[in-house]
Number of protein chains: 2
Amino acid sequence: MVDLLQRTADLVAVASVSLDEARLADLVEAELRGIDGLRVDRVGDNVIARTDLGRPIRLVLAGHLDTVPANDNAVPRIDGDTLWGVGSADMKGGLAVMLTLAHEVPAPAVDLTWVFYTGEEIASTHNGLGHLFRDRPDLVAGDVALLGEPTDGAIEAGCQGSMRIAITLAGRRAHTARPWMGRNAIHRAGRLLSALEGYEARRPVLDGCEFRESVEAVAIEGGVAGNVVPDVVVITVNVRFAPDRSAEQAEADLRALCSDVLEPDDEWKVVDVASAAPPSLDHPVLAGLRDRGGLEVRAKLGWTDVARFAAAGIPAANFGPGDPTLAHTPEERVERRSLDTTYRALFDLLTDGVGP
Amino acid sequence: MVDLLQRTADLVAVASVSLDEARLADLVEAELRGIDGLRVDRVGDNVIARTDLGRPIRLVLAGHLDTVPANDNAVPRIDGDTLWGVGSADMKGGLAVMLTLAHEVPAPAVDLTWVFYTGEEIASTHNGLGHLFRDRPDLVAGDVALLGEPTDGAIEAGCQGSMRIAITLAGRRAHTARPWMGRNAIHRAGRLLSALEGYEARRPVLDGCEFRESVEAVAIEGGVAGNVVPDVVVITVNVRFAPDRSAEQAEADLRALCSDVLEPDDEWKVVDVASAAPPSLDHPVLAGLRDRGGLEVRAKLGWTDVARFAAAGIPAANFGPGDPTLAHTPEERVERRSLDTTYRALFDLLTDGVGP
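Residues numbered from 1 in each chain as written. Chains lettered and ligands numbered in written order. Predicted model: local features only at pLDDT ≥ 70, side-chain atom pairs only at ≥ 80, totals over all residues. Heavy atoms only, no water.

1. Re the overall build of chain A
Convention followed: Labels follow the DSSP assignment, with helices taken as runs of H or I lasting at least four residues and strands as runs of E lasting at least two, numbered in each case from the N terminus. Throughout this description, buried means an accessible area under 20% of the type-specific maximum (1.4 Å probe, protein chains only), exposed means over 50%, and partly exposed covers the range between. Here, Shrake-Rupley sampling with a 1.4 Å probe gives the accessible areas, and only protein chains in the shown set may cover a residue. We score Asp and Glu as negative and Lys and Arg as positive, and we do not count His or the chain ends. In this description, the location of a charge corresponds to atom NZ of lysine, CZ of arginine, CG of aspartate or CD of glutamate.
Looking only at helices and strands, one finds 10 helices and 19 strands in chain A. Considered along the principal axes of its C-alpha atoms, chain A spans approximately 80 × 40 × 40 Å. For chain A, with 356 residues in total, the buried portion stands at 56%. For chain A, the exposed area adds up to about 14,000 Å²; of that, 48% sits on carbon and sulfur atoms. Charge separation in chain A, taken as the distance between the mean sites of 35 positive and 55 negative side-chain charges, equals 4 Å.

Below, the structure written as structure tokens:
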């Protein structure tokens, strides 16, 4: 069997910080072109490889090429059965598993589309998977998808949506020596923040996965000068909502929570919205992956690119090696056991097909 | 009698925005040097002129030469008995009264020190009166002082102190998808701001003047990124305190108000302090001014340079022509009546002495 730890180390050794993925894309493209039966396309530095075996189901397996900048951990280091280095968990371990499977399973039970894409770790506008869905949806079409983000070998199903709302509370300026001539907008924020602090978030269970919503003020800014009663304060709230609710419903709930404070002159602006993705564990491929390996299933609380698949009507889940809580830290690492069990579960899925 | 409205217009016509007072200082210096019996000193662009008649009391009459930048009102305009223009109220009307009195009362009942100083409208570090108290206290020494700031002919007695305190509330960062791993510092600000909003400020009456304290948040800032539970928020609070309390007492009261919220890891920093000045209406010169003219007396709620005199042990009050609420606005103006009544009250004080 392939030494997946060494394979991952070789990928970590090829730096691929966001916006600088060309060298790694070149290597991945060359390797995929060397495999019989794959049709390979390149769009920018995104690389897509597809089987065309006429199977009734097409499974898309996707992973991002880029990493965050190194934290004094640019050089891979293997110590026993552990590989240390930037991207080892997020997600070059997943890329190593994907590339190895592309070699080892030449005649899969389902048609496969391998997607290696750019710009996942930075602003959404740079996301290569987003670009492909916009410009070449034919290349990323499929019936079901798996994203190789680190989940430590569990299935992290669907993902929560995320929305940011900027709430501007109005006041009236005055000199602080005569504050009764004005109205302090920053003081008004007190009740609103207390409402957020006291909020009990929903924890719905969907397809056996407990989601956990949240409502958090992520920024506040106000103030005119050291001797002026401020006439404005802006509070930015990040709402994370489970996939059983739309963004509109989540927004309406936040508005209700703030209703005691809001007045006609205040402003309410949705800054950005990323929709949620349902767990979709009723899909036979995802159910098969879960049941065959007896895999742990849990909700994905953060937002990931599975939501891009869900938005295109493609059920999707996160499944990959590595501890997600170590991603982006100087202690990022991946264990051989995590790589091997992830590989084995996917190998069984691809060779045996969708049935348990 | 001198046309004080025209005299003020002539002074408005000489631009003297803060840090650019030299031309006006030259004119004032030349005029004072032309008056017999005055000893004139110049320190930078500050001009000081003193009588030396051996009177038992020395009265300091002080006014600042500088103005804020013009608001499309650099050119003086007389319309009937009203003069429009930057500095007409704050405080070239007062300067006109002072210069006219220096001519008209050559043998005052008290010794006089006229102080024309720079840099009052900008940061305290530029304040010419402050420079004189630091470098030439002999030139500004006296028994009692009047500051010609616009009070519309009332006596604004003493002034409130002002203090700014930056309160840093601590939290713990986390991803907003897992907020229970952290603690939201911005949410913690809710209870503190609500305490400020609900605070009932003291309104002590001193020497018949009602002061009115205030506690106002003047700035708030917090936030790390749109998906991060913030670990810090800084609230800057401006406290205005009456002259019956020290800055230390006012600070202790604010701390008590915040005590339910503050924790050991939070920070508390006094950013700046300007002490208060007592009304001092028991001083015979100030009492004489009030009683002779039947002048309205009220507390000065803002901070003014009378506090610099008070800090030097010199009782002081604000007394000058012009509506203070029009200062620094495009509608700044002064009325002939206000100039004349102020002039008359001071003329009577200087010629009749301190008795009623």
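Right, picking up where we left off after that structure.
2. A look at the packing of helix H1 (residues 4-12) of chain A against helix H10 (residues 336-352) of chain A
All names here are of chain A. Using the following cut-off: Geometry is summarised by axes, namely lines fitted to C-alpha atoms with helices restricted to the contacting stretch, and by angles between N-to-C directions that run from 0 to 180 degrees. Each angle receives one of four descriptions, namely roughly parallel if under 35 degrees, roughly antiparallel if over 145, roughly perpendicular if within 65 to 115, and oblique otherwise. The contact rule is simple, with two residues in contact once any of their heavy atoms fall within 4.5 Å. Polar here means any residue other than Ala, Val, Leu, Ile, Met, Phe, Trp, Tyr, Cys and Pro, which are nonpolar, and Asp, Glu, Lys and Arg, which are charged; Gly is therefore polar.
Contact geometry of H1 with H10 gives a least axis separation of 9 Å together with a crossing angle of 105°. Classed by the angle they form, the pair H1 and H10 counts as roughly perpendicular. Where H1 approaches H10, its residues Leu 4, Leu 5 and Thr 8 are matched on the opposing element by Arg 336, Leu 339, Asp 340 and Tyr 343. Looking at the contact of H1 with H10, its residues break down into four nonpolar, one polar and two charged.

3. Comments concerning the interface of chain A and chain B
Keep this limit in mind: Buried area adds together the accessible area that both of two parts lose upon being put together, with accessible area traced by a 1.4 Å probe. Only one rule defines a salt bridge in this text: a Lys or Arg side-chain nitrogen within 4 Å of an Asp or Glu carboxyl oxygen. Pairs of N or O atoms within 3.5 Å make up the polar contacts considered here, provided that, within protein, one atom can donate a hydrogen while the other can accept it, and that residues adjacent in sequence are counted only when both atoms are side-chain atoms. Only when DSSP finds a minimum of two bridges between them are two strands counted as paired.
On the side of chain B, 42 residues touch chain A, which itself brings 42 residues to the contact. Buried surface at the junction of chain A and chain B, both sides included, amounts to about 3,200 Å², of which 57% is carbon and sulfur. Viewed at the interface, chain B and chain A are joined by zero salt bridges. Linking chain A to chain B there are 16 residue pairs in polar contact (both at pLDDT 80 or more). Where the side of chain A that touches chain B is concerned, the elements lending two or more residues are helix H6 (185-198), strand S13 (214-223), strand S14 (228-229) and strand S15 (232-241) of chain A. Two strands pair when backbone bridges link them, and S13 of chain A and strand S13 (residues 214-223) of chain B are joined in this way by five bridges, in the antiparallel orientation. Opposite Gly 222 of chain A, over in S13 of chain B, you have Ile 220 of chain B as the bridge partner.

4. Considering the environment of Gly 63 of chain A
All names here are of chain A. Along the polypeptide, Gly 63 turns up in strand S3 (residues 58-64). Classification of Gly 63 as buried rests on a relative accessible area of 0%. For the pair Gly 63 and Gly 302, spaced 239 residues apart in sequence, the C-alpha separation works out to 17 Å. If we ignore the near neighbours within four places in the chain, the residues touching Gly 63 are Met 91, Leu 95, Met 98, Val 115, Phe 116 and Tyr 117.

5. Here we look at the sheet that holds S13 of chain A
As summarised here, the arrangement of the eight strands in space is S16(A)-S9(A)-S15(A)-S13(A)-S13(B)-S15(B)-S9(B)-S16(B), forming an open sheet in which the pairing is antiparallel. Edge positions in the open sheet fall to strand S16 (267-274) of chain A together with strand S16 (267-274) of chain B, since each of these has one partner strand only. Shown here is a sheet whose adjacent strand axes are inclined to one another by a mean of 20°, direction ignored. Examined bridge by bridge, S13 of chain B and strand S15 (residues 232-241) of chain B share eight bridges and lie antiparallel to one another. In the strand pairing of S15 of chain B, Glu 216 of chain B is matched with Asn 238 of chain B. Helix-sheet contacts for helix H6 (residues 185-198) of chain B involve S13 of chain A together with strand S9 (161-170), S13 and S15 of chain B, and the interaxial angle to S15 of chain B is about 15°.

6. Notes on the packing of aromatic side chains
Quick reminder of the rule: Any two rings among Phe, Tyr and Trp, with Trp reduced to its six-membered ring, count as a pair given centres within 6.5 Å; such a pair is stacked if its planes are under 30 degrees apart, edge-to-face if over 60, and tilted if neither. For a ring to carry a charge above it, either NZ of a lysine or CZ of an arginine must fall within 6 Å of the ring centroid while also lying within 35 degrees of the normal to the ring plane.
Summed over all chains, the structure comprises four aromatic pairs over all chains. Between Arg 255 of chain A and the ring centre of Trp 268 of chain A, over which it is positioned, the NZ or CZ distance is 4.5 Å. A cation sits over an aromatic face here: Arg 212 of chain B above Trp 180 of chain A, 3.6 Å from the ring centre.

7. Some details on the relation of the copies chain A and chain B
Relating one copy of the chain to the other requires a rotation about an axis plus a shift along that axis. Keep this limit in mind: Least squares is used to superpose the copies, and the fit set is the C-alpha atoms of residues whose pLDDT is at least 70 in both copies.
With an axial shift of 0.1 Å and an RMSD of 0.1 Å, the rotation relating chain A to chain B amounts to 180°. On the angle and the small slide along the axis, the relation comes out as a two-fold axis. Minimal C-alpha separation from the rotation axis in chain A is found for Gly 190 of chain A, amounting to 2.0 Å. Most of the interface of chain A is mirrored in chain B, where 100% of its interface residues are also at the interface.

8. Overview of unusual backbone geometry
Residues and elements named next belong to chain A. A cis amide bond, omega -10°, links Asp 90 with the succeeding residue Met 91. Phi angles above zero are rare outside glycine, and Asp 152 is one such case at about 60°. Using a relative accessible area of 34% as the deciding quantity, one classes Asp 152 as partly exposed.

9. Description of the state of the cysteines
Residues and elements named next belong to chain B. Threshold: We call a pair of cysteine sulfur atoms a disulfide whenever their separation is within 2.5 Å.
This structure, assessed with the given rule, holds zero disulfides over all chains. A disulfide-free cysteine, Cys 159 has its sulfur positioned 12 Å from the sulfur of Cys 209, the nearest such atom. Classification of Cys 159 by relative accessible area gives buried; the value is 0%.

10. Observations regarding the pairing of strand S7 (residues 144-147) of chain B
Residue and element names in this part refer to chain B. Where burial is concerned, the two faces of S7 agree: the one with Val 144 and Leu 146 and the one with Ala 145 and Leu 147 are both buried. Note: S7 against strand S18 (residues 316-318), three bridges, orientation parallel. Residue Ala 145 lies in a different strand from S18, and its bridge partner there is Ala 316.

11. Observations regarding the pattern of salt bridges
All names here are of chain A. For the structure shown, the criterion picks out 58 salt bridges over all chains. The shortest N-O distance in the salt bridge between Arg 42 and Glu 29 comes to 2.7 Å. Taken as a pair, Arg 42 in strand S1 (residues 39-43) and Glu 29 in helix H2 (residues 22-33) lie far apart in primary sequence, 13 residues in all. Of the charged contacts, one joins Arg 173 and Asp 231 as a salt bridge, the two residues approaching to 3.1 Å between their closest N and O atoms. One end of the pair, Arg 173, is in the loop between strand S9 (161-170) and strand S10 (174-175); the other, Asp 231, is in the loop between S14 and S15, with 58 residues separating them in the sequence. Three or more residues are tied together by salt bridges with common partners; here these are Asp 26, Glu 29, Arg 33, Arg 42 and Asp 45.

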